[in-house]
Amino acid sequence: MKKSVFLGALTVAGLAAGAAAAGTLDDVKARGKLNCGVTTGLVGFAAPDANGEWEGFDVGLCRAVAAAVLGDPKAVEFVPTTGKTRFTALASGEVDMLARNTTWTFSRDVDLKFDFVGVNYYDGQGFMVPKSLGVSSAKELDGATVCIQTGTTTELNLADFFRKNNISYEPVPIETNAEGQTQYLAGACDTYTTDASGLAATRASFENPADHVVLPEIVSKEPLGPLVRHGDSEWGDVVRWTLNALVAAEEMGITSANIGELSAAAGNNPEVNRILGTEGNLGEMLGLSADWAKNAIMAGGNFGELFEKNIGENTPIGLSRGLNAQWTDGGLMYSPPFR
């Protein structure tokens, strides 16, 4: 088993080394389209609507990168990936980046040869159960059947949690969130475990959400964020600073409503001017146009706007900002300076 895992890691790493050599930024410009790896469907984060149009919090980041590079937020091909297929899709060059509830870990960063370019959602693993089960704590799940997505950190965290608490469980392996939802609702497992944000999104899609409860325990740290291949720093910079631009825009009060006015002429805030391209040459440094960040922000709004529109408290998902609030509001969202 260890040998097969090791060889699999070498295969992904080898694919990554080959794909990165091409220069992703040039490829995207020449293609005229960004290939963005997303989840197979998680409402609020990435899922097609009734017309087949992809929307959601992670989708918003894909569109922002496309707008920054190509000037068009619609110039994106969304490629659905599972927990098992996502890394091969990125390493092989099938996608230019991943923006889909993927946890930044040591082995993924170092051994699989990927670069996580930031965190767009600070999360943690939780458990959802039917209220009828009469369970109020994950520590009461001794002997439970657990729906668990394969190829994820969730598998390892689950084993660690039950081992630490000296209780047992029976895994029910699933490939996608949709399959997990179906199995859970059919009673094939007592509990479904994944990132707490994913549980909130899944629960919101149920016919009777109030019949299910997310237990209080958060059993891991899950910093979720976009990632690219090792060895292509130019492209990594583009994705990294596009995310940073969305975060910084919220902090500095740049919104989809006022960005036109703010960028019409240089104002008295030098950092706002540099972000919007009315001062300095940050776009040139990235190999992009001067208005790259303006285009990214206009694609769907700043970080806070994307959050509130797709997964915030006034949506069916109903997530509070919590750790994902700006650092000025006691959260962890913080962009390095644009200078």
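Residues numbered from 1 in each chain as written. Predicted model: local features only at pLDDT ≥ 70, side-chain atom pairs only at ≥ 80, totals over all residues. Heavy atoms only, no water.

**As for the overall build of the chain**
1) Next: When helices and strands are counted, the chain shows 14 helices and 14 strands.
2) Next: Projected onto the principal axes, the alpha-carbon positions of the chain cover approximately 65 × 45 × 40 Å.
3) Next: Of the roughly 14,900 Å² of accessible surface on the chain, 51% is carried by carbon and sulfur atoms. (Helix = DSSP H or I, 4+ residues; strand = E, 2+ residues; numbered from the N terminus. Areas by Shrake-Rupley, 256 points an atom, 1.4 Å probe, with all protein chains shown as cover.)

**Focus: the pattern of salt bridges**
1) Next: Tallied over the full model, the rule gives five salt bridges.
2) Next: The partner of aspartate 96 in a salt bridge is arginine 31, with the nearest N and O atoms 2.8 Å apart. In this pair, aspartate 96 sits in the loop between helix H4 (86-91) and strand S5 (97-98) while arginine 31 sits in helix H2 (residues 24-31), placing the two residues 65 residues apart along the sequence.
3) Next: Measuring nitrogen to oxygen at the nearest pair gives 2.9 Å for the salt bridge that ties arginine 240 to aspartate 237. In this pair, arginine 240 and aspartate 237 are both assigned in helix H9 (residues 233-252), three residues apart and thus about one turn of the helix distant. (Salt bridge = Lys/Arg side-chain N within 4 Å of Asp/Glu carboxyl O.)

**A word on helix H7 (residues 177-185)**
Owing to its 3.6 residues per turn, the α-helix brings residues three or four apart onto one side.
1) Next: For H7, the set of buried residues is Asn177, Gly180 and Tyr184. The arc enclosing the buried residues of H7, seen along the axis, measures out at 55°, which places them on a common side.
2) Next: On its buried face, H7 is in contact with strand S8 (125-130), strand S9 (144-149), strand S10 (169-174), strand S11 (191-195), helix H8 (196-204) and strand S12 (212-214).
3) Next: Glycine 187, located one to two residues past H7, shows a positive phi value of around 85°. (Buried < 20%, exposed > 50% of the residue type's maximum accessible area, 1.4 Å probe, protein only. Arc of directions from axis to C-beta. Contact = heavy atoms within 4.5 Å.)

**A few points about the pairing of S11**
1) Next: Buried residues dominate S11, accounting for five of its five residues.
2) Next: Sheet topology places S9 next to S11; two bridges connect them, and they run parallel. Residue pairing for S11: valine 146 is matched across the bridge by threonine 191. (Pairing = 2+ DSSP bridges.)

**Let's talk about the packing of aromatic side chains**
1) Next: Applying the stated rule across the entire model yields 16 aromatic pairs.
2) Next: Taken together, a centroid distance of 6.1 Å and an interplanar angle of 90° make the contact between phenylalanine 45 and phenylalanine 57 edge-to-face. Residue phenylalanine 45 is located in the loop between strand S1 (34-39) and strand S2 (47-48), and its partner phenylalanine 57 is located in helix H3 (residues 57-70); the two are separated by 12 residues in the primary sequence.
3) Next: Classification of phenylalanine 57 by relative accessible area gives buried; the value is 2%.
4) Next: Three or more aromatic residues joined by ring pairs form one cluster here, namely Phe45, Phe57, Tyr121, Phe303 and Phe307.
5) Next: Taking NZ or CZ as reference, arginine 321 lies 5.1 Å from the ring centre of phenylalanine 307, over its face. (Phe/Tyr/Trp six-rings, centres within 6.5 Å; stacked < 30°, edge-to-face > 60°. Lys NZ or Arg CZ within 6 Å of the ring centre and 35° of its normal.)

**Observations regarding the packing of H2 against H9**
1) Next: Put simply, H2 and H9 touch, their axes get as near as 7 Å, and they point 70° apart. For the element pair H2 / H9, the angle class is roughly perpendicular. Here Thr24, Leu25 and Val28 of H2 come into contact with H9, specifically with Glu234, Trp235 and Val238.
2) Next: Class assignment for the residues of the contact of H2 with H9 results in four nonpolar, one polar and one charged. (Axes fitted to C-alpha atoms, helices over the stretch in contact; angles between N-to-C directions. Parallel < 35°, antiparallel > 145°, perpendicular 65-115°, else oblique. Nonpolar A, V, L, I, M, F, W, Y, C, P; charged D, E, K, R; others polar.)

**Points about unusual backbone geometry**
1) Next: Here lysine 113, not a glycine, exhibits a phi torsion of approximately 65°, which is positive.
2) Next: Position of lysine 113 relative to the elements: it lies in the loop between helix H5 (106-110) and strand S6 (114-116).
3) Next: Among the residues examined, lysine 113 registers a relative accessible area of 33% and is labelled partly exposed.
4) Next: Of note, asparagine 166 is a non-glycine position whose phi angle comes to about 55°, a positive value.
5) Next: Within the secondary structure layout, asparagine 166 lies in the loop between helix H6 (153-164) and S10.

**Structural notes on the confidence of the model for the chain**
Reading fine detail from the predicted coordinates is not recommended where pLDDT is low.
1) Next: Here the chain averages 92 in pLDDT, while 94% of its residues score no lower than 70.
2) Next: For the stretch residues 1-11, pLDDT sits under 50, and the model shows two contacts to residues farther than four places along the chain or on other chains.
3) Next: Below pLDDT 50 for its whole length, residues 16-21 participates in 12 contacts with residues either more than four positions away or in separate chains. (pLDDT = per-residue confidence, 0-100.)

**Describing H9**
1) Next: Here H9 is 20 residues long and its end C-alpha atoms lie 27 Å apart, about the 28 Å a rise of 1.5 Å per residue gives.
2) Next: Of all the positions in H9, only Trp235, Gly236, Val238, Val239, Thr242, Leu243, Asn244, Ala245, Leu246, Val247, Ala248 and Ala249 are classed as buried.
3) Next: The first or second residue beyond H9 is glycine 253, which carries a positive phi of 80°. (Expected span 1.5 Å × (residues − 1).)

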